[in-house]
Amino acid sequence: MNAVLEQISQIFLDLGASIALPILITVFGVALGQKFPKAFRAGLMIGIGFIGIGLIVGLLFGQVGPAAQGLAARFNVNLDIVDVGWPASAAIAFGSQVGAVAIPILLLLNVLLLAVGLTKTLNIDLWNYWHFAFIGGLVAATTGNFLMGIAVACIAMILTLALADWAAPKIQAHYDYPDISFPHGTSAAYALIASPLNWVFDRIPGFNKLKADPDSIQKRFGIFGESLILGFGIGLLLGLAGFGLDEPRADIIAILGLGINLAAVMVLLPRMVAILMEGLIPISDAARAFVTKRLPGRKFYIGLDSAIVIGQPAVIATSLILVPVALLTAIALAPLGNRVLPLVDLATIPFIVALMVPIFRGNIVRSVVGGAIVIGAGLFIATALAPSITKVAENAGFQNETGGLISSLVDGANPMTGLFYLFGNMGWLGIAGLAVGSLAFAVWVRIRGNARVAAEAKAKEPA
Amino acid sequence: MKKILVICGTGVATSTVVAVKIQEHCASQGIQISIAQGKVMDLVRGVEGYDLIVATTPIPESIKIPVIQGLSFLTGIGVERTLEDIVEAVK
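So, how was this worked out
Residues numbered from 1 in each chain as written. Chains lettered and ligands numbered in written order. Predicted model: local features only at pLDDT ≥ 70, side-chain atom pairs only at ≥ 80, totals over all residues. Heavy atoms only, no water. pLDDT = per-residue confidence, 0-100. Helix = DSSP H or I, 4+ residues; strand = E, 2+ residues; numbered from the N terminus. Buried < 20%, exposed > 50% of the residue type's maximum accessible area, 1.4 Å probe, protein only. Polar contact = N/O pair within 3.5 Å; in protein donor to acceptor, adjacent residues only side chain to side chain. Contact = heavy atoms within 4.5 Å.

## A short note on the confidence of the model for chain A
Confidence along chain A averages 88 in pLDDT terms, with 97% of residues attaining 70 or more. Per-residue pLDDT, averaged within each element of chain A, yields its smallest value for helix 1 (residues 2-15) of chain A (71) and its largest for helix 16 (residues 415-424) of chain A (95).

This is the structure:
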C-alpha cells in the first residue's frame, strides 16, 4: 500500500503540479459526473493559474532579495525571509503531494463526520481545503512520509470543523448570519485564541473600557487598504532602507523600480489565484451537488470562507491599523530572531482578525491588541517553518534561483500550522496525540452544543 | 453596456465564484455586461464608474452605488432570486 502511494507521489513530483493537477482535476471532475470537455478545461485553468503564480513569485524574489540583503548589511536588520503571502501558499499547498489528493479525501471525511454526527459543519468551501493540504504537505515533506501528511491534513480538518462549530453561535449572533459557520484554516484557530485574551482584557482596569470608532479609522488609515498603493509605498521604503542614497542616480532608479515591482506583485498575484479559482469552481459545484444529494434532510451549518465577514466595519478598521503595526513589529522582533518581512500578506490581515473581532464583540482596541499579539508570536512560527515551506514550494515546481527562504503570515504564522507541524514531525505517536486531542475537542463541542439546544428547547416549553 | 463590480474579502476567492455565475447567466439571457472584481478594502476610500455592486461581504456605508448581496451564490440557496434581481438592475 505504502509503496504504491510512494510510487504515485514520486510520479507526481516528477510531473510537477502544473502538469499533474490538470490531470487529477479532470479525473476528479469526470468522477463527480461532469462532462469531459468541461472538466478538462477546468483542469487546464488550474495548471495555468499555477504557472502564473510561479512567475510572479519569481519576480517577487528577484526584486526583494537584493533589498533585503542591503537591509541586513546596512542596518544589521536580518529580515531575509520573503513573505510570499496566501496566494503562493495556497498554490504551494495544492501543488504538494498531499494537496493533489486533498480535496476528495477531505470531502469524504467531512461527509463521514456529518453522517456520524460528530461535527455539524458541511465545508462547501473547497478552495480553502488548501489550509489543510498546506499543513499536511509540510509534514509530508519533512518526514518524507506521504501517509503521515494525509493523516495530519485530515486531523487539521477535524479540528477546524470542530472550531467552526464551537464559534458558530457567537459569530452567528454577532454578524447575523443564520446557519453559517467558518471552517477557515486561518481564521478559526485565531477565534479560539481570542477567547482567553478577551477574558484577560476584561480584567485589565482602564483598558476594559477603551473603545474606538470604525468610521474615523477607515478615513485615516484607508490608504493601507489599497494593495497597489501599499505595495508601492513599501517598495519605496524598503528600497530606501536597503539601497540607501550613496549614488543618487542609480539608487533612485533602483528604489522606484522596487516600488513599481512590489505594487505589481500585490496586484498580479491575487489575479493569478483568480485563474486557479476559476478552474476550481466547476469541481466545487459538482462536489456540492454530489454531497447535498446524499445528505438530504440533514440540518447542518454551511461552512463558508471567512472572506464574507471581512467587509464588517470593525474588521476593516482593525486590519488597516494592523498593517503598519505588523511591519513595525517585524522590525522590532528582528533582534529576537524574527527573519520574516511581512509583504504580500499585509493585504491578508483581515483573515487573521475576521473571527477574533466577534469574540471581542466588535471592540477595535481589543482586536488590534489581540491581532498584534498573534501576529508578533506568529512571526517566530513563520521563521521556524520557512525552510520546510521553501522545500515544499520547490517540490511543487516554484523555482527559486536566489536560494532564499520563503514563508507567509497566512498560514505560515498560524499557531495551528505550528502545532501540527511540531507534533507531525514526532512521528506516528505525535500524530496520534493530535488525533486524540482534536477528537476530544470535537466531542466536547458536540456535547456542549447538544446541552445548549436542549436548554433552548426547555426554555421554549410553556411553564 | 452596464458595468458590475463584484466585491469580496480578497477580490479573488468568493468574488470569482460570483463573477463567473453572473457572467454565465447574463450570457444565457443575451444581456451584455462587463464585470470587474475587487476587494472590500479598496472601497474604503470610495469607488466610481460602476452601475451595480454585487458583494459577498458588507460594503462601507459611504458607497452610493446600488448594492445586491451575493451570499446566495456561495450557499447555493436562493441563487435564482439573486440572479433575477441582478438582471432587473442591469437591464
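## Concerning the side chain of Asn110(A)
Residue and element names in this part refer to chain A. Structurally, Asn110 can be placed in helix 5 (residues 97-116). A residue is classified by how much of its surface remains accessible, and Asn110, at 0% relative accessible area, is buried. A polar side-chain atom of Asn110 sits 2.7 Å from the main-chain amide nitrogen of Asn123. Setting aside its immediate chain neighbours within four residues, Asn110 contacts Thr121, Leu122, Asn123, Tyr129, Met157 and Leu161.

## A word on unusual backbone geometry
All names here are of chain A. In the segment running from Val410 into Asp411, the intervening peptide bond is cis, with an omega of 0 degrees. Within the fold, Asp411 resides in the loop between strand 6 (406-407) and helix 16. Its identity is not glycine, yet Asn76 carries a phi of approximately 60 degrees, on the positive side. Assignment of secondary structure puts Asn76 in the loop between helix 3 (36-75) and strand 1 (81-83). Asn76 sits in the exposed class, given a relative accessible area of 70%.

## Examining the environment of Pro282(A)
Residue and element names in this part refer to chain A. With respect to the helices and strands, Pro282 occurs in helix 11 (residues 248-294). Along the chain, Pro282 and Ala39 lie 243 residues apart, while their C-alpha atoms are 7.4 Å from each other. In contact with Pro282, other than residues within four places in its own chain, are Gln34, Lys38 and Ala42.

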